[in-house]
Amino acid sequence: MNELVVFLSIVYFVLIGLEVILAFGLLSESPFLTIPISFGLGTGMGSMQLYIYSRLNIGWNPILLITPWLMLFVLKFSSIKKSLFPVLNSIITNKKFSLFSKLFFALTILLILLALFEADLRPVTLWDGFAGWLMISKIFFIDKSIKSSSLIYINSEYPLLVNLGATYIYIFLSHINDRVILIYFWAYYAFTGAVFFQYLKKITKTLPAIIFTFLLLSTQNILRHGGRYDVGDADLILGYYILCSSVIYLNFHKYKKISSLILLQVFLAITSLVKNEGIFFSLATEIFVFFNLIKHKKYRDLLLVFLWIIPVVDWQLYKLISNLPKVPGYLSFSPHYERTFKILVLFLKEFFNISRWNFLWILFLASSGYIITAKKKSVTMFLYLTVFSQLLVYFIVYIFSDSGVGFVAYVQNTFDRLLLHLAPTALLGSAISFDFQAILNKLHVKMRSYYDKILI
Amino acid sequence: MNKTIFKIIIFIFFLWIIVSIFRTLNNVSKVLTEDFKLVTKTDDQKRLSFFGDSFILSECLRKFIPPGKTIAIMTNNLTNFFYSRYQVYPTKVYLLDSKITQSNFGKSYFQYIVLDKNFNQTSALPSGAKKIGVCKNTKSNIADIYSL
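Residues numbered from 1 in each chain as written. Chains lettered and ligands numbered in written order. Predicted model: local features only at pLDDT ≥ 70, side-chain atom pairs only at ≥ 80, totals over all residues. Heavy atoms only, no water.

Draft legend 1. Broad picture of the overall build of chain B. On a plain count of helices and strands, chain B comes out with four helices and five strands. Scanning chain B from its N terminus toward the C terminus, one meets helices and strands in the order α-α-α-β-α-β-β-β-β. Counting the 148 residues in chain B, one finds 43% classified as buried. Across chain B, every contact between residues at least 6 apart in sequence was considered, and the portion connecting residues at least 24 apart equals 54%. About 8,200 Å² of surface is accessible on chain B, with carbon and sulfur atoms providing 58% of the total. (Helix = DSSP H or I, 4+ residues; strand = E, 2+ residues; numbered from the N terminus. Buried < 20%, exposed > 50% of the residue type's maximum accessible area, 1.4 Å probe, protein only. Contact = heavy atoms within 4.5 Å. Areas by Shrake-Rupley, 256 points an atom, 1.4 Å probe, with all protein chains shown as cover.)

Laid out in structure tokens, this is it:
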């Protein structure tokens, strides 16, 4: 029964996101992306709803939470109805899949079910889960609001979006259950695969799209955070939002529609409120948006570039007013430049850690070499540049960090989680840099001729 | 240069597919052979098998201390502190280290003190501290609970 409530809550978040996208025509040019992106949008808006209710002293009860979304549905019913058909059409397909496509579909579904089984198997065991993310969710649920005194007790300066998402589900559950809540974290794993597949399928073909989705979801570190052992952390969630924001940016780059720009601003705000690391990604993306608008002389839209900052500034002001810690405790203001070489070596070690990442980062590094030396630069450069700029930020943070424990152990214990933020986007970059469909076709022809020879 | 990189990429791509298929099947077999045993256990049995004494301690705190009180815990084991803090909320748990002196306990801030058996205590407990309970696993004592 508890599992059913969590599943219905996930559907509820998808419906909120879907409703907002359809009501305001935010992704009309790419209906295939609507549902996988709706989950992230719905969760983000739901969490912000709890935050706003708490600030306005409105009670957190299910009826009060559902009412505004029902009202929006009634008010915008005609536009929602009109935009719904292209979305449904993009899901339903009469296309016949090849045997290989079916095989990789089956393997991908198997992985998603495996992660679901594992997520629902144990109560939270991950340190960051019970010491941070789910601890705060539990506090919010018991306190029935966001109390600054509780945040001071926890000594947390992290944004609250992920915690509030879990609290939202606790409200629907009407009790705390730290096992079934992990299904909510699993949902991000499944929807990361969905966004990745849907976008890649549109850019390439079904077979390379499903193969790369399988490769992404079978990566051990991603699978672990999706359901096995390490579920309950926010790193994969940030990875999902960075992927969504990147895809929306590429969409905006292609169609230059203001609705995509607005949706991008919403996603960048959510990304910045998942974890502090998201702020750097949002800044880097906004630089691309800024130059894009200047290049196309869309000066009037420049003001929109600052939309995402509003909720971020509001959160920083709340921290200031409430006397919460301002900067993460691990940061110091004295740089340790002598660490430079060590950090680079540790970074490379992690990139080549096949037991954790399979060949994800090796392929990314090799393909970035290919992209940099290629004569024709494409829009995929955006994906490479954002990943590299984010890696640079992590490098600088390690230069300035004061962990209190051994520095090498600190990097080893944290860098694999930081890479989770970037892994889906990095693989998307690798996957769309080459014509893998042509490579697969070639292989198919070769195998066929080899097979024919044996038969003769 | 570009052709060589391209060939490397194709090689990595196919190698990765093969490795991933094997790993997925290996994960499935692990679920069937190892994790499936957990299905019949209750959540508390799973917590006990994973957290051991930290779970026993948190249950013990729940048993002896009414919700909403404030506890000072003296332990070297950070899991004991963080897991208890998570499990017993709205009871508030604070970590005290060995440098804490009697005056640091304050007059009425903490209502209870939990003293881990393995904790190297260098200061005396405040006067008036009264032992109200002992937390035990099947073999030995884990911690003592004092009210102030």
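Moving on from the coordinates now.
Draft legend 2. Representation of the interface of chain B and chain A in the model. Taken together, the contact between chain B and chain A spans 43 residues of the former and 56 residues of the latter. It is W16, Y86 and Y89 of chain B in chain B that bury the most area against chain A; as a group they hold 20% of the surface buried on that side. For the pair chain B and chain A, the interface holds four salt bridges. Note that D35 of chain B and R228 of chain A form a salt bridge whose closest N and O atoms lie 3.2 Å from each other. Where chain B touches chain A, the interface holds 18 residue pairs in polar contact (both at pLDDT 80 or more). Sorting the residues of the side of chain B that touches chain A by element identifies α1 (2-33), α2 (43-51), α4 (78-88) and β2 (92-96) of chain B as the ones contributing at least two each. (Buried area = accessible area lost by both parts, 1.4 Å probe. Salt bridge = Lys/Arg side-chain N within 4 Å of Asp/Glu carboxyl O. Polar contact = N/O pair within 3.5 Å; in protein donor to acceptor, adjacent residues only side chain to side chain.)

Draft legend 3. Region of the structure containing helix α15 (residues 309-321) of chain A. All names here are of chain A. Between its first and last C-alpha, α15 extends 18 Å over 13 residues, near the 18 Å set by a 1.5 Å rise per residue. Within the sequence span of α15, burial applies to V312, W315, Y318 and K319. The buried residues of α15 occupy an angular sector of 120° when projected down its axis, which confines them to one face. Projecting away from the buried face of α15 at angles above 90 degrees are the exposed residues I310, L320 and I321. Turning to α15, the residues buried within the fold contact α2 (34-55), α7 (148-154), α13 (258-274) and α14 (277-295). Of the residues one or two after α15, N323 is the one with positive phi, at around 65°. (Expected span 1.5 Å × (residues − 1). Arc of directions from axis to C-beta.)

Draft legend 4. Spotlight on the packing of aromatic side chains. All names here are of chain A. A full pass over the atoms with the stated rule returns 55 aromatic pairs over all chains. The interplanar angle of 90° and the centroid separation of 5.0 Å between the aromatic rings of Y12 and F172 together place this pair among those described as edge-to-face. Taken together, the positions of Y12 in helix α1 (residues 2-23) and F172 in helix α8 (residues 161-173) put the pair 160 residues apart, joining distant regions of the chain. Owing to a relative accessible area of 13%, Y12 belongs among the buried residues under this scheme. On the numbers, 5.6 Å between centres and 70° between planes, the contact of W133 with Y158 is edge-to-face. Taken together, the positions of W133 in helix α6 (residues 127-143) and Y158 in the loop between α7 and α8 put the pair 25 residues apart, joining distant regions of the chain. The same class applies to W133 and to Y158, which are both buried. (Phe/Tyr/Trp six-rings, centres within 6.5 Å; stacked < 30°, edge-to-face > 60°.)

Draft legend 5. Structural context of the sheet that holds strand β5 (residues 141-147) of chain B. Residue and element names in this part refer to chain B. Reading across the sheet, the five strands line up as β2-β1-β3-β5-β4 and stay open at both edges, with mixed pairing between neighbours. One side of each edge strand has no neighbouring strand; the edge strands of this open sheet are β2 and β4 (130-136). When strand polarity is set aside, the average angle formed by the axes of neighbouring strands in this sheet is 25°. Relative to β2, strand β1 (residues 70-74) runs parallel, the two sharing five bridges. Looking across to β2, one finds that T70 is bridged to K92. Relative to the sheet, α4 contacts β1, β2 and β3 (112-116), its axis offset from that of β2 by approximately 165°. (Pairing = 2+ DSSP bridges. Axes fitted to C-alpha atoms, helices over the stretch in contact; angles between N-to-C directions.)

Draft legend 6. Region of interest: the environment of K3 of chain B. All names here are of chain B. As for its placement among the helices and strands, K3 is situated in helix α1. Judged by its relative accessible area of 70%, K3 falls in the exposed class. Residues K3 and E59 lie 56 residues apart in sequence; the distance between their C-alpha atoms is 63 Å.

Draft legend 7. A look at unusual backbone geometry. The peptide bond linking Y89 of chain B to P90 of chain B adopts the cis configuration, its omega dihedral lying at 20°. Counting through the fold element by element, P90 of chain B comes out in the loop between α4 and β2.

Draft legend 8. View of the environment of F117 of chain A. Along the polypeptide, F117 of chain A turns up in helix α5 (residues 99-119). It is 8.8 Å that separates the C-alpha atoms of F117 of chain A and R228 of chain A, two residues lying 111 residues apart in sequence. Those residues within four positions of F117 of chain A in sequence are excluded, and the remaining contacts are V31, D35, F36 and V39 of chain B.

Draft legend 9. View of a nonpolar patch on the surface. A cluster of nonpolar side chains, I287, F290, F291, I294 and Y299 of chain A, forms an exposed patch at the surface whose accessible area comes to about 490 Å². You can see I287 of chain A is positioned in helix α14. (Patch = residues over 30% accessible without salt bridge, like charges linked within 9 Å, V, L, I, M, F, W, Y side chains within 5 Å.)

Draft legend 10. Molecular detail of the pattern of salt bridges. Throughout the structure, instances matching the rule amount to 22 salt bridges over all chains. R47 of chain B is the salt-bridge partner of D178 of chain A, the closest N and O atoms lying 2.6 Å from each other. Here the residue D178 of chain A occupies a position in the loop between α8 and α9 (182-203), and R47 of chain B occupies one in helix α2, the pair thus bridging two chains. Of the two residues, D178 of chain A and R47 of chain B, neither departs from the other in class, the shared state being buried. Note that E59 of chain B is salt-bridged to R62 of chain B, the shortest N-O span being 3.2 Å. With a gap of three residues between them, E59 of chain B and R62 of chain B both fall in helix α3 (residues 53-64), about one helical turn apart. In this structure E59 of chain B comes out as partly exposed when scored by relative accessible area, which is 28%. On the basis of relative accessible area, R62 of chain B is assigned to the partly exposed category, the value being 43%. Salt bridges sharing common partners tie together E3, D120 and R179 of chain A together with D43 and K46 of chain B.

Draft legend 11. Up close: the state of the cysteines. All names here are of chain B. For the structure shown, the criterion picks out one disulfide over all chains. Residue C60 pairs covalently with C135 via a disulfide, S to S 2.1 Å. Here the S-S torsion is close to -80°, and the disulfide linking C60 with C135 is therefore left-handed. Of this pair, C60 sits in helix α3 while C135 sits in strand β4; the two residues are 75 residues apart in sequence, bridging distant segments of the chain. Across the pair, exposure class does not vary: C60 and C135 are buried alike. (Disulfide = S-S within 2.5 Å.)

Draft legend 12. Region of interest: the packing of α1 of chain A against α9 of chain A. All names here are of chain A. Two numbers describe how α1 lies on α9: the axes approach to 10 Å, and their chain directions differ by 45°. In this view, α1 runs oblique relative to α9, as classed from their interaxial angle. For α1 against α9, the interelement crossing comes out right-handed. Across the interface between the two elements, E3, V6, F7, I10 and V14 from α1 touch I183, Y184, W186, A187 and F191 from α9. (Parallel < 35°, antiparallel > 145°, perpendicular 65-115°, else oblique. Left-handed = near helix turned anticlockwise from the far one by under 90°.)

By themselves, these figures tell us nothing about what the structure is for.
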